[in-house]
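In case you want the letters, here they are:
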Amino acid sequence: MSTFLRPALSLMLLMTAITGVIYPLTVTGIAQLAFPEQANGSLVRDSAGKVLGSALIAQDFSGYSWFHPRPSAGAFATVASSASNLAPSNPALATRVKDSAAQLAVPGQGPVPLALLTTSGSGLDPHLPPEAIRYQLARVAAARSLPVQAVEQLVAEHIERPLVGPPVVNVLLLNSALAQLKSPSP
């Protein structure tokens, strides 16, 4: 029996050491050397060094003075991240979208962009199309007593153009920069 048990236990310990210790430490080390920002969570910090969040995960912003991200089916909780799983034919989804559209509608600005009404697959997409950000521009500028042109310039500076896909704006990075803008003195 020991002729079978000893090699099996030795192989199990060896594979545990390789796959449970050596490989993870090697991958972590390479990631820290090659991509330290991403390996550490792409954290966004304020001017005092306080962590505001991750540029990879959407966060809830409420109030008129902030740009709002797309809705989250999991209330922006990373543990519960998921889509709503409501089919397009589901009346609950239609009701939620209609209610959100009525709440977000701005007279004279046309229909609310779809990105502000629908959740992403994970419920944590940190990006919005520039059109969805521009739809909120007048509200944010008015709430902060800022000229619309200053906020427009800030949005233009935060448009990202990925290699694949349409241009997007990271809402957390935009709101972080927005917090640095000062209202003009009267």
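Below or above, wherever it landed, is the structure these notes cover. What you see is a predicted model, and the numbers here were worked out from it, not measured in a lab.

## With respect to the overall build of the protein chain
Now for step 1: Check the secondary structure of the protein chain and you find six helices and five strands.
Now for step 2: Helices and strands appear in the protein chain in the N-to-C order α-α-β-β-α-β-α-α-β-β-α.
Now for step 3: Relative to the compact-globule value of 16 Å for 186 residues, the protein chain shows a C-alpha radius of gyration of 23 Å, a clear excess of over 25%.
Now for step 4: Along the longest, intermediate and shortest principal axes, the C-alpha atoms of the protein chain span 85 × 45 × 30 Å.
Now for step 5: Counting over 186 residues, the protein chain shows a buried share of 28%.
Now for step 6: Of the accessible surface of the protein chain, which amounts to about 11,900 Å², a share of 65% is contributed by carbon and sulfur atoms.

## Some words on the nonpolar core
Now for step 1: Core analysis: the biggest nonpolar cluster contains 26 residues, and F67, L128, I133 and L174 have the highest contact counts within it.
Now for step 2: Where this core is concerned, the elements lending two or more residues are α4 (130-143), α5 (148-157) and α6 (171-180).
Now for step 3: Among the elements that line this core, the one with the most residues is α4, at six residues.
Now for step 4: Setting aside its immediate chain neighbours within four residues, L128 contacts H68, P69, R70, A115, L116, I133, Q136, V168, V169 and V171.

## Remarks on the pattern of salt bridges
Now for step 1: A complete count under the given rule lists one salt bridge for this structure.
Now for step 2: Note that R70 and D125 form a salt bridge whose closest N and O atoms lie 3.8 Å from each other. Residue R70 is located in the loop between β2 (51-54) and α3 (91-104), and its partner D125 is located in the loop between α3 and β3 (127-128); the two are separated by 55 residues in the primary sequence.
Now for step 3: Look at D125 and you get partly exposed, because its relative accessible area is 26%.

## Considering the packing of aromatic side chains
Now for step 1: Applying the stated rule across the entire model yields one aromatic pair.
Now for step 2: Plain terms: the ring middles of F61 and W66 are 5.7 Å apart, the flat faces sit at 40 degrees to each other, and that makes the pair tilted.

## Topic: the sheet that holds strand β5 (residues 168-170)
Now for step 1: The strand order across the open sheet built from three strands is β3-β5-β4, with neighbouring strands paired in antiparallel fashion. What marks the edges here is a single partner per strand, and that holds for β3 and β4 (159-160).
Now for step 2: With two bridges connecting them, β4 and β5 associate as antiparallel partners. The partner of I159 across the bridge, within β5, is V169.
Now for step 3: Where α6 meets the sheet, its contacts fall on β3, β4 and β5, and the angle it forms with β5 comes to roughly 60 degrees.

## Details of the packing of α4 against α5
Now for step 1: Relative to each other, α4 and α5 sit at 140 degrees, their axes nearing to 9 Å. Taken together, the axes of α4 and α5 lie oblique to each other. Both α4 and α5 take part in a crossing whose hand is right-handed. Packed against α4, whose contacting residues are I133, L137 and A141, the element α5 presents V148, V151, E152 and V155 at the interface.

## Describing the side chain of S54
Now for step 1: Structurally, the position occupied by S54 is in strand β2.
Now for step 2: Residue classification places S54 among the buried residues on the basis of a relative accessible area of 12%.
Now for step 3: Within polar-contact distance, the side chain of S54 engages the backbone oxygen of G41 at 2.7 Å.
Now for step 4: A polar atom in the side chain of S54 sits 3.1 Å from the backbone nitrogen of L56.
Now for step 5: For S54, the residues in contact, after removing those within four places along its chain, are G41, S42, L43, V44, Q59 and L172.

## Looking at the environment of V171
Now for step 1: Along the chain, the position of V171 falls in helix α6.
Now for step 2: The class of V171 is buried, set by a relative accessible area of 2%.
Now for step 3: Residues V171 and I57, spaced 114 residues apart in sequence, show a C-alpha to C-alpha distance of 9.8 Å.
Now for step 4: Not counting residues within four places of it along the chain, the set of residues in contact with V171 comprises F61, F67, H68, P69, P126, L128 and I133.

Thresholds, definitions, all that
Residues numbered from 1 in each chain as written. Predicted model: local features only at pLDDT ≥ 70, side-chain atom pairs only at ≥ 80, totals over all residues. Heavy atoms only, no water. Helix = DSSP H or I, 4+ residues; strand = E, 2+ residues; numbered from the N terminus. Rg over C-alpha atoms; globule rule 2.2 N^0.38 Å. Buried < 20%, exposed > 50% of the residue type's maximum accessible area, 1.4 Å probe, protein only. Areas by Shrake-Rupley, 256 points an atom, 1.4 Å probe, with all protein chains shown as cover. Core = buried A, V, L, I, M, F, W, Y, C linked by side-chain atoms within 4.5 Å. Contact = heavy atoms within 4.5 Å. Salt bridge = Lys/Arg side-chain N within 4 Å of Asp/Glu carboxyl O. Phe/Tyr/Trp six-rings, centres within 6.5 Å; stacked < 30°, edge-to-face > 60°. Pairing = 2+ DSSP bridges. Axes fitted to C-alpha atoms, helices over the stretch in contact; angles between N-to-C directions. Parallel < 35°, antiparallel > 145°, perpendicular 65-115°, else oblique. Left-handed = near helix turned anticlockwise from the far one by under 90°. Polar contact = N/O pair within 3.5 Å; in protein donor to acceptor, adjacent residues only side chain to side chain.

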